[in-house]
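Listed below are the residues making up each chain.
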Protein chains: 2
Amino acid sequence: MSNYSLVKPYLITRSVSPENQETPISFVEADRIENRLFYRRNHFSYPNLSYTSSWLPVNGAMQRPTLFSMEDLFRFPSKTIKVLLECAGNKRSLFEPKVFGEQWEKGAVSQGYWTGVPLKSLLEYCGLSAQAKEVVIEGYDQGKRPDTDKVHPFKRSLPIDKALHPDTLVAYQYNGQPLPYKHGCPLRLIVPQWYAMASVKWIKQIRVIESEFEGPFQSIDYIYYPNKDDNEGAFPVTTLNVNSTIQKPVDHDKLDTGQHTIKGIAYTGEGKITQVEISTDGGKSWTNASLENEPSEYEWVSWSHQWPALEKGEYTIMTRAADSTGRIQPMKPFWNRKGYGYNAVDQIKVKIE
Amino acid sequence: MSNYSLVKPYLITRSVSPENQETPISFVEADRIENRLFYRRNHFSYPNLSYTSSWLPVNGAMQRPTLFSMEDLFRFPSKTIKVLLECAGNKRSLFEPKVFGEQWEKGAVSQGYWTGVPLKSLLEYCGLSAQAKEVVIEGYDQGKRPDTDKVHPFKRSLPIDKALHPDTLVAYQYNGQPLPYKHGCPLRLIVPQWYAMASVKWIKQIRVIESEFEGPFQSIDYIYYPNKDDNEGAFPVTTLNVNSTIQKPVDHDKLDTGQHTIKGIAYTGEGKITQVEISTDGGKSWTNASLENEPSEYEWVSWSHQWPALEKGEYTIMTRAADSTGRIQPMKPFWNRKGYGYNAVDQIKVKIE
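Residues take numbers from 1 onward in each chain, read along the sequence in its written order. A letter from A marks each chain and a number from 1 marks each ligand, given out in the order of writing. Per-residue local features of the predicted model are confined to residues with pLDDT of at least 70, and side-chain atom pairs are confined, for both listing and counting, to 80 or more; whole-chain, interface and lining totals are unaffected and use all residues. The basis for every side-chain value is the complete set of non-hydrogen atoms in the structure, without hydrogens or water.

1. With respect to the overall build of chain A
- Only runs of H or I of at least four residues qualify as helices and only runs of E of at least two qualify as strands under DSSP, and these elements are numbered from the N terminus. For chain A, the helix and strand inventory stands at four helices and 24 strands.
- Against the 2.2 N^0.38 benchmark of 20 Å for 353 residues, chain A shows a C-alpha radius of gyration of 21 Å, consistent with a compact globule.
- Once the C-alpha set of chain A is aligned to its principal axes, its extents read approximately 70 × 50 × 40 Å.
- Per-residue burial over chain A gives 59% buried out of 353 residues.
- Only carbon and sulfur atoms are counted for the fraction: they give 49% of the accessible area of chain A, which is about 14,500 Å². Note that the radius of gyration is over C-alpha atoms, with the globule rule given as 2.2 Å times the number of residues to the power 0.38. For each residue, the accessible area found with a 1.4 Å probe, counting protein chains only, is set against the maximum for its type, and the residue is called buried under 20%, exposed over 50%, and partly exposed in between. Working definition of accessibility: Shrake-Rupley area with a 1.4 Å probe, residue cover restricted to the visible protein chains.

If you want it as structure tokens, here you go:
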């Protein structure tokens, strides 16, 4: 007797003002996340939008600064790509020593189909200056930060080569529908392979600059600070680390003796996943999990493993993904003060009884 | 600019089959929980009910075993009481060493208004035997347990004095509406002050016995086992321990310097809450939090504390409730193998920056 028709998982609330809620990653079955369960990560209250919010100014170091209407954007060839977005703080709650900030567990990650115009098309249409160095994307969301009394918009830049990557999109649809309000309607940037702070929502303006952009969401936040008390060795958060997450069983579950399916996802921001290893003896021995679909660059691969759990006892299950650039999940995470990029080997415990 | 109209918290999923979801306790404001956010705790799939499921047989050691219709029940004087229910496993995830089972955080607790007939009225109507010792309540929910291949119904007993307590109800309404299906429609037991395994849902039968009931949900589960490897010193789970929970701020939050409101709830299964102490220096000094309403026996009291957080740094906030029977939350929980009754001093950390 299945409960699935009656029982729905929901987003898991981390804060309500601003809204930060994560995907119940253990309980999602689909490989594209419906809007209802797509994690929500906000720095500020939701912006007030008006009918002019759909006009997109693209300006700065270019020959023809242009104000695009939605109709203008629709006239450019569109592209639809399945892209995973992961919050840089995903799994922050797992760091030891613990770090402050939203205590994301493993579900600040979701994926689905984004449709839009390559940013490259717009920039080329405008006649990009040869001196163009970065592209600054500003969102309509704004507010005060704890470190100043000024109102800041959420604003970040991309290096020119990433901005010109043909899969960096100015998106206007998610899963075939207009972008949901909470995910950046009417226009958001989609930057495949980078942590999702780069995928600016509610785009207000795109500006090309010939210098290096500095703003608090680029020079204070979204920086790896390896030390607790000083900023030595700091470097910016960019591409996703190679990662894997066990969806089932859940941590500290009690199971019968017998055959169990262990399943999960794995993803990376460089190349493709090539292997997911699994251990059911706390890391002493490893075997390959089965990849359920052909790994591709911008989305997770689902994996599974049939585990004959015949003896009662407590077991530590671990998974370790590797990608085609040779990166592999470390046993210990790279601790950093703001808690970004956690990607240590995933692990849970279960009891067979 | 408030986000509250746009942002809703949801139940937090622990398992979907059976459904176990907890209340997002940090984000509830009301003192009666709406059905949507009332925690759900199931041992089995939801039962299949038919129109005969609303007939209630009350039988066993009595002069007039009776089959009550809903109309019969409605003819008895009804009682409406605000009662808190807490899962015996609430806060299980906080035990160290960790224990197996649903990893409830702090939200397997909810409260609201229950309306029904005192069980005592029904038992007296039926002419209780003088030898009556326990009252066995059986639910329509059933299934296999990991420890046997037999199908067991969820079934538990109450000692006769608790069954005859005038506030032990056979309830048919929650918050003025017919009981929600997931909370035991059409009839559930409400046993104030006991952990909620006693408040059997979807009542199928009530049977009075002259002996001591034994069943797996009474003699295997819902027992405190103080030792990991043997059953020495085991004793049954009954009344709620005295407890308190910090709702706001959330754990590992970052806050500005300035005045902050710390708020939460406190409750007990014996007597009333008399005091909630709060410490913002990791337990070195304590002060009384303000109780926001008059403590009463069956529900939580809300408390708050104004905290002038003027100096940057990391702070450990603790709360400790005491009740009128002299019980007080311990610094360390009473560890037990199945992880019941966690009630150590609640604590969170925050960073003022």
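2. Some words on the sheet that holds strand 23 (residues 313–323) of chain B
Residue and element names in this part refer to chain B.
- Here we have five strands laid out as an open sheet, ordered 17-24-23-19-20, and mixed in their pairing. Two strands close off the open sheet at either side, each with one partner strand: strand 17 (253–255) and strand 20 (287–288).
- Strands qualify as paired when DSSP identifies two bridges or more between them. For strand 23 and strand 24 (residues 346–352), the ladder comprises seven bridges, and the chain directions are antiparallel. Across the sheet, the residue bridging to E314 is K351, located in strand 24.

3. Notes on the interface of chain A and chain B
- It only takes one pair of heavy atoms within 4.5 Å for two residues to be counted as in contact. At the junction of the two partners, chain A supplies 45 residues and chain B supplies 45 residues.
- Here the buried area means the combined drop in accessible surface, using a 1.4 Å probe, for two parts upon being joined, counting both sides. Summed over both sides, the interface between chain A and chain B buries roughly 4,000 Å², with carbon and sulfur atoms accounting for 61% of that surface.
- Area buried by chain A at its contact with chain B is led by V16(A), F100(A) and H252(A), which between them contribute 20% of it.
- Just to be clear on terms, a salt bridge is a Lys or Arg side-chain nitrogen sitting within 4 Å of an Asp or Glu carboxyl oxygen. In this structure, E314(A) engages K228(B) in a salt bridge whose closest nitrogen and oxygen atoms are separated by 2.8 Å.
- Counted as a polar contact is a pair of N or O atoms within 3.5 Å, where, for protein atoms, one must be capable of donating a hydrogen and the other of accepting one, and residues adjacent in sequence contribute only when both atoms are in side chains. Our enumeration of links across chain A and chain B arrives at eight residue pairs in polar contact (both at pLDDT 80 or more).
- When residues of the side of chain A that touches chain B are traced back to their parent elements, those giving at least two are strand 1 (12–16), strand 2 (19–22), strand 17 (253–255) and strand 24 (346–352) of chain A.
- For the side of chain A that touches chain B, the leading source of residues is strand 1 of chain A, giving five residues.

4. Quick look at the packing of aromatic side chains
- A pair of aromatic rings is counted whenever rings of Phe, Tyr or Trp (Trp by its six-membered ring) have centres within 6.5 Å, and the orientation is called stacked for planes under 30 degrees apart, edge-to-face for over 60 and tilted otherwise. Within the structure shown, the criterion is met by 39 aromatic pairs over all chains.
- Consider the rings of Y46(B) and Y181(B), whose centres lie 5.6 Å apart with planes at 40°: the pair is tilted. Residue Y46(B) is located in the loop between strand 3 (40–41) and strand 4 (56–60), and its partner Y181(B) is located in the loop between strand 11 (177–178) and strand 12 (188–190); the two are separated by 135 residues in the primary sequence.
- Look at Y46(B) and you get buried, because its relative accessible area is 2%.
- In this scheme, Lys NZ or Arg CZ marks a charge over a ring once it lies within 6 Å of the ring centre and within 35 degrees of the ring normal. Between the NZ or CZ atom of R320(A) and the centre of the ring of W286(A), over which it lies, the distance is 4.0 Å.

5. Thoughts on the side chain of R145(B)
Residues and elements named next belong to chain B.
- Here R145 is to be found in the loop between strand 8 (134–144) and strand 9 (151–159).
- Here D221 takes part through its side chain, which lies 2.7 Å from a polar atom of the side chain of R145.
- Once residues lying within four places of it in the same chain are set aside, the contact partners of R145 are K150, H152, P216, F217, I220 and D221.

6. A few points about the relation of the copies chain A and chain B
- For the pair chain A and chain B, the relating rotation is 180°, the translation along its axis is 0.0 Å, and the fit reaches an RMSD of 0.0 Å. Each copy turns onto its partner about a two-fold axis.
- Most of the interface of chain A is mirrored in chain B: 100% of its interface residues are interface residues there too. Residues reaching a pLDDT of at least 70 in both copies supply the C-alpha atoms on which the copies are superposed by least squares.

7. Details of helix 2 (residues 119–126) of chain B
- Buried within helix 2 of chain B are the following residues: L119(B), L122(B), L123(B) and C126(B). Angular distribution of buried residues about the axis of helix 2 of chain B spans 95°; they occupy a single face of the element. Working note: the arc is built from the helix axis to C-beta atom directions.

8. Regarding unusual backbone geometry
- In the segment running from S17(A) into P18(A), the intervening peptide bond is cis, with an omega of 5°.
- For P18(A), the location among the structural elements is in the loop between strand 1 and strand 2.
- In this chain, E96(B) is followed by P97(B) through a cis amide linkage whose omega measures -5°.
- Here P97(B) lies in the loop between strand 6 (79–86) and strand 7 (109–118).
- A positive phi angle, close to 50°, is found at N175(B), a residue other than glycine.
- Its place among the elements puts N175(B) in the loop between strand 10 (169–174) and strand 11.
- Of note, H252(B) is a non-glycine position whose phi angle comes to about 60°, a positive value.
- Examined against the element boundaries, H252(B) turns out to sit in the loop between strand 16 (243–248) and strand 17.
- By relative accessible area, which is 5% here, H252(B) ends up buried.

9. Focus on the pairing of strand 19 (residues 273–279) of chain A
All names here are of chain A.
- Counting buried positions along strand 19 yields five of seven residues, so the element is predominantly enclosed.
- In terms of strand pairing, strand 19 meets strand 23 (residues 313–323) through six bridges, oriented antiparallel. Within strand 23, the residue paired with S279 across the bridge is M318.

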